[in-house]
Amino acid sequence: WVKKVLGQSGNKIVTDLRFLNELERFREQQAFTIRIEAKQVVRVKRGVLCHEADPSDTDLDIISTWNLVTHNNSTVEALEKKAQQIAQIILRVSP
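Residues numbered from 1 in each chain as written. Predicted model: local features only at pLDDT ≥ 70, side-chain atom pairs only at ≥ 80, totals over all residues. Heavy atoms only, no water.

1. Brief notes about the packing of aromatic side chains
- Overall, the coordinates contain one aromatic pair when judged by the stated rule.
- Consider the rings of Trp 1 and Phe 26, whose centres lie 5.9 Å apart with planes at 35°: the pair is tilted. Placement of the pair is Trp 1 in the segment before helix H1 (2-6) and Phe 26 in helix H2 (residues 20-28), with a sequence separation of 25 residues.
- Owing to a relative accessible area of 7%, Phe 26 belongs among the buried residues under this scheme.
- In this structure, Arg 27 packs its charged tip against the face of Trp 66, placed 5.8 Å from the ring centre. (Phe/Tyr/Trp six-rings, centres within 6.5 Å; stacked < 30°, edge-to-face > 60°. Helix = DSSP H or I, 4+ residues; strand = E, 2+ residues; numbered from the N terminus. Buried < 20%, exposed > 50% of the residue type's maximum accessible area, 1.4 Å probe, protein only. Lys NZ or Arg CZ within 6 Å of the ring centre and 35° of its normal.)

So, in structure tokens, the structure goes:
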């Protein structure tokens, strides 16, 4: 799927990278990378957690070189506000 996305022209938004090799391929193309984190207690309140030890959920946990890290521990409205702020940041750094 990564090759297919990278083979398309224009800007792209990829909402869910799960593995280091995926991240590396996008970084080779100078992708702007964002990590959204949420505390476990918040995630539990939102629903049932499963497969938390699965590599597809943990492979990128060791990465500390994201262009931006934000947290999703609050309301949908707060996340929407952060998303708008992030969009402005991306527009400023885009070529």
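2. Examining the pattern of salt bridges
- All told, the structure shown has five salt bridges when counted by the stated rule.
- In this structure, Arg 18 and Asp 57 form a salt bridge, with 2.7 Å as the shortest nitrogen-oxygen distance. Note that Arg 18 is positioned in the loop between H1 and H2 and Asp 57 in helix H4 (residues 55-58), a separation of 39 residues in sequence.
- Given the relative accessible area of 36%, Asp 57 is considered partly exposed. (Salt bridge = Lys/Arg side-chain N within 4 Å of Asp/Glu carboxyl O.)

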